[in-house]
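Understanding the architecture of this molecule
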Amino acid sequence: QVQLVESGGGLVQAGGSLRLSCAASGRTFSSYYMGWFRQAPGKEREVVARISWGGGNTYYRDSVKGRFTISRDDAKNTVYLEMNSLKPEDTAVYYCAARGPASQSYDYWGQGTQVTVSS
């Protein structure tokens, strides 16, 4: 069982930056594929970025490429999402999720943290 707790959300002006953190419980964090997702009001949840075990492979959705950076610190059981040049359309609840090495889907989810970008 893995528990995920996000933090770092808040209100920021367009062009600003935020750093989200996701702290995970459990001793096997390093073997989990981690992802950040977001859901805006009235919209479906979408993947923002993901990072493989070991951090060697990353993926970003097109709209955040060059602005967001996902990273992980396995010693701290934490995954981060650095968000720069924020836009109003980035406003959403952001969730982190974990996928086990033998799983085809994300099995564990955090409670979410609100990010609001004002114009």
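It should be noted that the structure appears before, not after, this text.
Because the structure is predicted, anything quoted here is derived from the model rather than measured.

1. Overview of the pairing of strand β4 (residues 33-39)
With six of seven residues buried, β4 is to be regarded as a mostly interior element. Note that β4 and strand β9 (residues 92-99) share seven bridges and pair antiparallel. Across the sheet, G35 pairs through a bridge with A97, a residue of β9. Hairpin connection from β4 to strand β5 (residues 46-51): six residues lie between these consecutive antiparallel strands, with G42 at a positive phi of about 75 degrees.

2. Remarks on the state of the cysteines
Scanning the entire structure with this criterion turns up one disulfide. Across the disulfide, C22 is cross-linked to C96 (sulfur-sulfur distance 1.9 Å). The disulfide joining C22 to C96 has a torsion of about 45 degrees about its S-S bond and is therefore right-handed. Of this pair, C22 sits in strand β3 (residues 18-24) while C96 sits in strand β9, placing them 74 residues apart in sequence. You'll find C22 and C96 in the same group, each marked buried.

3. Overview of the environment of N77
Here N77 is to be found in the loop between β7 (68-73) and β8 (78-83). Residues N77 and G100 lie 23 residues apart in sequence; the distance between their C-alpha atoms is 14 Å. Setting aside its immediate chain neighbours within four residues, N77 contacts C22, A23, A24, S25, G26 and F29.

4. Considerations on the nonpolar core
L4, M34, W36, L81, M83 and Y94 are the most contacted members of the largest nonpolar core, which has 30 residues in total. When contributions to this core are tallied by element, the ones reaching two or more residues are β3, β4, β5, β7, β8, β9 and β11 (113-118). Once residues within four sequence positions are removed from consideration, L81 is found in contact with L18, R19, L20, W36, V48, A49, F68, T69, I70 and Y94. Among the nonpolar cores identified, the runner-up in size contains five residues, and Y33, F37, V47 and Y106 belong to it.

5. Some remarks on the pattern of salt bridges
What the rule picks out here adds up to seven salt bridges. R19 serves as the salt-bridge partner of E82, at 3.8 Å between the closest nitrogen and oxygen. Residue E82 is located in strand β8, and its partner R19 is located in strand β3; the two are separated by 63 residues in the primary sequence. R19 sits in the partly exposed class, given a relative accessible area of 45%. With a closest N to O distance of 3.0 Å, D62 and K65 form a salt bridge. Through salt bridges with shared partners, a single ionic network connects R38, E46, R61, R67 and D90.

So, how was this worked out
- Residues numbered from 1 in each chain as written.
- Predicted model: local features only at pLDDT ≥ 70, side-chain atom pairs only at ≥ 80, totals over all residues.
- Heavy atoms only, no water.
- Buried < 20%, exposed > 50% of the residue type's maximum accessible area, 1.4 Å probe, protein only.
- Helix = DSSP H or I, 4+ residues; strand = E, 2+ residues; numbered from the N terminus.
- Pairing = 2+ DSSP bridges.
- Disulfide = S-S within 2.5 Å.
- Contact = heavy atoms within 4.5 Å.
- Core = buried A, V, L, I, M, F, W, Y, C linked by side-chain atoms within 4.5 Å.
- Salt bridge = Lys/Arg side-chain N within 4 Å of Asp/Glu carboxyl O.

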